[in-house]
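# Breakdown of the fold
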Amino acid sequence: MTLHLTHEQLCDVILADSSLPREGTSTIVQDHLHACLHCSAELESLRASLALFREASTAYAGQQFVRSCMQRGSIAPPQHLLTQPLYWAAAAVLLVAASFPLNLYRQQQHRPVPAATAVVTPHTTESDEALLEDVDQTLSADVPSPMEPLADPTASSTSADSTTYQRKN
Amino acid sequence: MPSQAIISERLPATQQAVATPLDDMDSIVAMYEQRIFRFHLVSIRDRDVAQSLTQDTFLRAWNARSTFRGDCAISTWLMRIALNLVRDHTRTDRFRFWKRVSETAVDVSDISSHVPHRDSSLESRLIAHEQLALVWESVAQLSERQRNVFLLRFLDELELSEIATITGLPVSTVKTHLYRALATIRARHNATHKEDQ
């Protein structure tokens, strides 16, 4: 029966770590690896697989990192989001919902300002005065003569009496 | 205006007083961003999530820079934050994670295209692709802790003592996790070889 390396011994060779103290079995393991083709072949195969994993992962991550850096420069959303119609529909609904109250607010803002704040120009002042004169004339012309206010019959006597009274005093 | 100047303007005087090695975050990001991104990408296997977690890693590092005592390397400290974020993500969003994986997952075929071709023969290339697929799929089967330790060792090529510092585990436990992870890979490896023979 041929003895081979244990799993731990094989792992220790793979994990050969400079930070750990060398154990006494390392020489025995190395001697066995020189002598046993089965163990050395398995060790090489495992090492090759692990190295492939590291190299391919590193290369792939490097490529993805560059791609991420390029995308980060843009503020645009990811392309896969832009191509999906559901997202477009949701965006349209949100846009309409957001613009509706905004339009109402704008309409309220554009309503006419009351006339009190209008600027009075000389031209409008003249026309206003002419209009008022017309109104006065019309009113005075419309009042029939019997309805005109009567003259005060005591006006002259009162003034004469007061003069007399002052003289008496 | 440099980001350092912007940051120092916004900080209260009490925080500005204590200078830390992490104050120059621009340099630290430039130095470690790709490495952190690679760890997240291979752990989570989703580019968008990896990008997000990478940003979170540096954001957390910046927010917690006052707690960095300098008793370990900055890279070790950053990897510890990254590891915690991966752990949080896979635990809390486990279900959503697997759902997302189906859409934007990094497939083994994506990785296979990056296998270095030292030998141009078709047979050797097929063998290389097969070996890579074997490890890639085996890593996905590992437990969370085994996978983290495995990636720190065989992707980032960290020493066991450094992995122990990052994970907060004793070196012996780190070794045990690696033994188990390698046992999974080895079992699949041997099974594939037997099928080929």
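Scoring rules and cut-offs
- Residues numbered from 1 in each chain as written.
- Chains lettered and ligands numbered in written order.
- Predicted model: local features only at pLDDT ≥ 70, side-chain atom pairs only at ≥ 80, totals over all residues.
- Heavy atoms only, no water.
- Helix = DSSP H or I, 4+ residues; strand = E, 2+ residues; numbered from the N terminus.
- Buried < 20%, exposed > 50% of the residue type's maximum accessible area, 1.4 Å probe, protein only.
- Areas by Shrake-Rupley, 256 points an atom, 1.4 Å probe, with all protein chains shown as cover.
- pLDDT = per-residue confidence, 0-100.
- Contact = heavy atoms within 4.5 Å.
- Buried area = accessible area lost by both parts, 1.4 Å probe.
- Salt bridge = Lys/Arg side-chain N within 4 Å of Asp/Glu carboxyl O.
- Polar contact = N/O pair within 3.5 Å; in protein donor to acceptor, adjacent residues only side chain to side chain.
- Nonpolar A, V, L, I, M, F, W, Y, C, P; charged D, E, K, R; others polar.
- Disulfide = S-S within 2.5 Å.
- Core = buried A, V, L, I, M, F, W, Y, C linked by side-chain atoms within 4.5 Å.

### Remarks on the overall build of chain A
In terms of helices and strands, chain A carries seven helices and zero strands. Helices (α) and strands (β) of chain A occur, in sequence order from the N terminus, as α-α-α-α-α-α-α. Looking at chain A residue by residue over its 169 residues, the buried ones come to 17%. Working note: accessible area of chain A is about 13300 Å², and carbon and sulfur atoms make up 63% of it.

### Things to note about the confidence of the model for chain B
Caution applies to low-pLDDT regions: their predicted coordinates should not be interpreted in detail. Residue and element names in this part refer to chain B. Mean pLDDT for chain B: 82, with 82% of residues reaching 70 or above. Per-element confidence in chain B ranges from a low mean pLDDT of 43 for helix α1 (residues 3–10) to a high of 95 for helix α9 (residues 144–154). With pLDDT under 50 throughout, residues 1–15 is counted as low confidence; its partners more than four residues away or in other chains account for ten contacts. This complex was scored by the predictor with a pTM of 0.65 and an ipTM of 0.83.

### Section: the interface of chain B and chain A
Much of the literature gives interface size as the accessible area that the parts lose upon coming together. With 43 residues of chain B at the interface, the matching set in chain A holds 38 residues. Both sides of the chain B and chain A interface together cover about 3800 Å² of buried area, and 63% of this is carbon and sulfur. The tally of links between chain B and chain A comes to three salt bridges. Notably, a salt bridge pairs Asp 12 of chain A with Lys 175 of chain B, separated by 3.7 Å at the nearest N-O pair. Counting the contacts that link chain B with chain A gives twelve residue pairs in polar contact (both at pLDDT 80 or more). Considering each element in turn, the side of chain B that touches chain A owes the most residues, eleven residues, to helix α11 (residues 171–196) of chain B. A class-by-class count of the residues in the side of chain B that touches chain A yields 23 nonpolar, nine polar and eleven charged.

### Comments concerning the state of the cysteines
Using the criterion set out here, one finds zero disulfides over all chains in the structure. In this model Cys 36 of chain A remains outside any disulfide bridge; the closest cysteine sulfur is found in Cys 39 of chain A, 3.7 Å from its own.

### With respect to the nonpolar core
Membership of the largest hydrophobic core comes to 76 residues, with the highest contact counts inside it found for Phe 53 of chain A together with Phe 150 of chain B. Examining the composition of this core, we find that ten residues originate from one element, helix α3 (residues 37–72) of chain A, more than from any other. Setting aside chain neighbours within four positions, we find Phe 53 of chain A in contact with Val 42, Leu 132, Val 135, Trp 136, Val 139, Phe 150 and Leu 151 of chain B.

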